[in-house]
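Listed below, chain by chain, are the residues.
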Amino acid sequence: IESICSISGHSYDAGTVMKSPTCTEDGIYQYSCQYCDAVETEPIPKTGHSYEKTVNKASINQSGYIKTACVECGNVKSKTTINAIEEVTIAKTSYTYSGSSIKPAVTVFDCYGDEIDSKYYKVTYSKNKAIGVATVKVKFKSRYKGTVTKKFTILRKATKITNVSGKKKSITISWKKISQKTGYQIQYATKKNFSDAKNVLIKKDSTKKVSINKLKAKKVY
């Protein structure tokens, strides 16, 4: 008695995945005859690598990298090191009051002493116009992360006394006017080491002369 398959041929089913394909290996698809034990197989083509770029950002004293690797198997196509941030410097740490905002230049170096391009960080300034301590904030971006803060000092302009005249128990002091929005302070004393010094505060920049009264007669100030 001849089998159905020997007369009309095998009748295969829709097939079954016996082995799934990977990035580097073919898979296997198997077809089974519905009437006998006959099977046939065919390869399922390998998928190939699916690459994706990731950035592990560098920071202060910590290097990072840019890596292109397969998301399925981890195969690394390329990897580039991002050198750590080593030092942030500003042009100067003290300036003289000018009436305008002061913005010292910022330079950033990596751990090999190479300068990091300014496109990788944003610089902001605060309290950088008035006399006192100003702040520079450097915030890193793109392939870098972290924030560094630097300080610098804005000093008062120097001025000079232009005239001193004495009257009975008083003196009049004149000086060169400067604009710094802080006024002036006059200090006077009878001792050379100023251990008994007294202060006179002048709040307006426009003032350029003051009289000090009720002084002691026959004393050198």
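Residues numbered from 1 in each chain as written. Predicted model: local features only at pLDDT ≥ 70, side-chain atom pairs only at ≥ 80, totals over all residues. Heavy atoms only, no water.

Participant: Could you give an account of the overall build of the chain, with specific residues and numbers?
Facilitator: When helices and strands are counted, the chain shows one helix and 17 strands. Scaling as 2.2 N^0.38, a compact globule of 221 residues should have a C-alpha radius of gyration of about 17 Å, whereas the chain reaches 41 Å, well beyond that. For the C-alpha atoms alone, the extent of the chain along its principal axes is close to 150 × 30 × 25 Å. Counting over 221 residues, the chain shows a buried share of 26%. When the accessible surface of the chain is totalled, it reaches about 15500 Å², and 47% of it is carbon and sulfur. Taking the average place of the 40 positive charges on the side chains of the chain and the average place of its 17 negative ones, the gap between the two points comes to 45 Å. (Helix = DSSP H or I, 4+ residues; strand = E, 2+ residues; numbered from the N terminus. Rg over C-alpha atoms; globule rule 2.2 N^0.38 Å. Buried < 20%, exposed > 50% of the residue type's maximum accessible area, 1.4 Å probe, protein only. Areas by Shrake-Rupley, 256 points an atom, 1.4 Å probe, with all protein chains shown as cover. Lys, Arg positive; Asp, Glu negative; His and termini not counted. Charge placed at Lys NZ, Arg CZ, Asp CG, Glu CD.)

Participant: Could you give an account of the packing of aromatic side chains, with specific residues and numbers?
Facilitator: Each aromatic ring pair is specified by the distance between its two centres and by the angle formed by the two planes. Tallied over the full model, the rule gives seven aromatic pairs. Plain terms: the ring middles of tyrosine 29 and tyrosine 31 are 5.4 Å apart, the flat faces sit at 45 degrees to each other, and that makes the pair tilted. The partly exposed category is assigned to tyrosine 29, whose relative accessible area is 24%. Put simply, the rings of Tyr120, Tyr121, Phe140 and Tyr144 pair up and form one aromatic cluster. Above the ring of tyrosine 65, the side-chain terminus of lysine 79 is found at 4.5 Å from the ring centroid. (Phe/Tyr/Trp six-rings, centres within 6.5 Å; stacked < 30°, edge-to-face > 60°. Lys NZ or Arg CZ within 6 Å of the ring centre and 35° of its normal.)

Participant: Outline the state of the cysteines, supporting the account with residue identities and numerical values.
Facilitator: Chemically, a disulfide is nothing more than a covalent bond linking the sulfur atoms of two cysteines. Taken as a whole and assessed by the stated rule, the structure comprises zero disulfides. Looking at cysteine 70, it has no disulfide partner, and the nearest cysteine sulfur is the one in cysteine 23, 3.5 Å off. Its relative accessible area of 4% is what places cysteine 70 among the buried residues. (Disulfide = S-S within 2.5 Å.)

Participant: Describe unusual backbone geometry, naming the residues involved and giving the relevant values.
Facilitator: Its identity as a non-glycine residue notwithstanding, asparagine 61 has a phi of 60 degrees, on the positive side. Locating asparagine 61 in the fold gives a position in the loop between strand E4 (51-56) and strand E5 (64-70). Look at asparagine 61 and you get exposed, because its relative accessible area is 55%. At serine 142, a position not held by glycine, the phi torsion is positive, near 60 degrees. Within the fold, serine 142 resides in the loop between strand E11 (132-140) and strand E12 (147-155). Serine 142 gets classed as partly exposed once you look at its relative accessible area, which sits at 45%.

Participant: Report on the sheet that holds E5, specifying residues and quantitative values.
Facilitator: The antiparallel open sheet is built from three strands, whose spatial order is E4-E5-E6. A strand with exactly one partner marks an edge of an open sheet, and here the two such strands are E4 and strand E6 (76-82). Across the sheet, the mean angle separating the axes of adjacent strands is 10 degrees when strand polarity is ignored. Taken together, the six bridges between E5 and E6 define a ladder with antiparallel strand orientation. Each residue of the ladder has a partner; that of threonine 68, found in E6, is serine 78. (Pairing = 2+ DSSP bridges. Axes fitted to C-alpha atoms, helices over the stretch in contact; angles between N-to-C directions.)

Participant: Could you give an account of the nonpolar core, naming the residues involved and the relevant values?
Facilitator: Ranked by size, the top nonpolar core spans 22 residues in total, and within it Val88, Val106, Val108, Val138, Phe140, Tyr144 and Phe152 carry the most contacts. Those elements that place two or more of their residues in this core are strand E7 (85-90), strand E9 (106-110), E11 and E12. Aside from chain neighbours lying at most four places away, what touches valine 88 is Val106, Thr107, Val108, Val138, Phe140, Val148 and Lys150. Listed in part, the twelve residues of the second largest apolar core include Ile178, Tyr188, Ile202 and Leu215. (Core = buried A, V, L, I, M, F, W, Y, C linked by side-chain atoms within 4.5 Å. Contact = heavy atoms within 4.5 Å.)

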